[in-house]
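Here are the chains, one letter per residue:
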Amino acid sequence: MDMQNWKAPGIDNYREIQALGLESHVAEIDTYGFTVVPPEKAAPAGFADKLRDAVIRHTRSQDGADAHINVLEKERRPVDGEHLFHTVGRDPVFREATVSPAGYVLAAHILGASLRIYQSSSILKASKILPVPMHCDSISVPPPLPPWCATCNVTWILSDYTKENGALFMVPGSHRLQRHPTLAEQPKSIGGQGSDDNVVPIVAKAGSICVFTGNTWHGAFGKDNDSTRVSYATIYCRTFVMPAEDFSDVTDEMIAPHGDRFARLVWRNKWQGYGKEGPRQELLALSGPSTQSPFG
Ligand SMILES: O=C(O)CCC(=O)C(=O)O
Ligand SMILES: [Fe+2]
C-alpha cells in the first residue's frame, strides 16, 4: 500500500524513523518504555568519542564548586558522581548531540513535535560510586502520570556499561504503571527492600544511546572498581513544562550551525515568559498542534 501521501500527527517523524531504520526501537519504547540503539545506528563513527572527550575535558576544567551537587557529601547526592550542567552553552558537540537524528527522532516519538530541552547534562563516575535510587524522570508530575509523557531521556553511553561498572538499570513496562516507584519498591540489589525480578541492567557498548520515557522506572548500580563511567544525557520535555535550565544565555552564534530544530529545542520563539506586554499571539499559535494530539 502506498502510504507516502498520508497525513496525520506524528507521520513526518515516523518517516524519519523509517529512513534511519529505527522502527524496532519505536516498538521497544512503546512496549518496554526504553530502548538501546547500538553505536552504528546512534551516530556517525567518531561522534561518541568526541562527546566523551568533551564531557571529560569540561568536567575536569570546571571549578569544583560550579555545581552545587558536586560539593555535597556523596550520601546527600541524588546521583553520585561529578556533574556538568547546562552543557549546551559550553561546547558545539553538546549542541550537536541534542539534535543528533537517532536520539532526536525517538525523543520526538515520545513527546511529539513540540519537544524542547529540559536539561542537558553529563555525569563522570570515577572510582567508587553509590547506586542511583530507582525513580522516573517525570519530575514534579503528580500521579497518575499521563500515558503521553511530560519528559523523556536520551542518554549517551560513553564508556562500556556493565552491572559492575555502574550501568543504568530499567524496569521494563514500568511506564505503563503511570506512577512513581515507592520507597518499598527500591530493589535489593541497590540496598532496598523490593524485588530485583524486573530490574534489567543496561549492558551496552560505548557509543550506544539509551532512550527512555519520563514514566520509565530506572536507576543505576553502584560501582566498586576504578573504571570511569561516562554519560551524557539530554532530558527533553513538552512545551508546557517549565524547563530545569535557563536557556537565555544561548546566543544566535551558538544556535546558527545547528539549525531551526536546535533553536526550538532551546526555547527560541516560546510564548511564555512575557511581562506587561503580554503574549505574542503568533508565538502562542505555534503551540496549536500540541493541543490537538500527543504527537503535535
Ligand atoms: O546515569 C545515571 O547514573 C542515572 C541518571 C538518571 O537517573 C537520569 O539520567 O535520569
Ligand atoms: Fe533519572
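It should be noted that the structure appears before, not after, this text.
We now turn to the structure provided with this report. Please read all numbers here as calculations on a predicted model, not as lab measurements.

A look at helix H6 (residues 101-111)
Burial analysis of H6 places ten of its eleven residues in the buried class, which makes it a mostly covered element. Among the residues making up H6, those that are buried are Ala 102, Gly 103, Tyr 104, Val 105, Leu 106, Ala 107, Ala 108, His 109, Ile 110 and Leu 111. With its phi angle positive at about 85°, Gly 112 sits one or two positions after the end of H6.

Brief notes about the sheet that holds strand E10 (residues 229-237)
Strand order in this open sheet of six strands is E1-E8-E5-E10-E3-E2, and the pairing throughout is antiparallel. Looking at strand neighbours, the two that pair on one side only are strand E1 (34-37) and strand E2 (82-84), the edges of this open sheet. Strand-to-strand twist across the sheet, computed as the mean angle between neighbouring axes with direction ignored, equals 20°. Both E2 and strand E3 (residues 116-125) contribute to a ladder of three bridges, which runs antiparallel. If you follow Glu 82 over to E3, its bridge partner there is Leu 124. Running over the sheet, H6 touches E1, strand E5 (151-157), strand E8 (209-213) and E10 and is turned about 10° from E8.

Section: the site of ligand 1
If you check the shell around ligand 1, you find Val 79, Ile 123, Val 132, Asp 137, Asn 153, Thr 155, Leu 168, Ala 220, Ser 231 and Ala 233 and nothing else. Of all the secondary structure elements, the ones that give two or more residues to the shell around ligand 1 are E5 and E10. Taken together, the residues of the shell around ligand 1 sort by class into six nonpolar, three polar and one charged.

About the cut-offs
- Residues numbered from 1 in each chain as written.
- Chains lettered and ligands numbered in written order.
- Predicted model: local features only at pLDDT ≥ 70, side-chain atom pairs only at ≥ 80, totals over all residues.
- Buried ≥ 20, exposed ≤ 12 C-beta atoms within 10 Å, placed from the backbone.
- Helix = DSSP H or I, 4+ residues; strand = E, 2+ residues; numbered from the N terminus.
- Pairing = 2+ DSSP bridges.
- Axes fitted to C-alpha atoms, helices over the stretch in contact; angles between N-to-C directions.
- Contact = placed C-beta atoms within 7 Å.
- Near = placed C-beta within 6 Å.
- Nonpolar A, V, L, I, M, F, W, Y, C, P; charged D, E, K, R; others polar.

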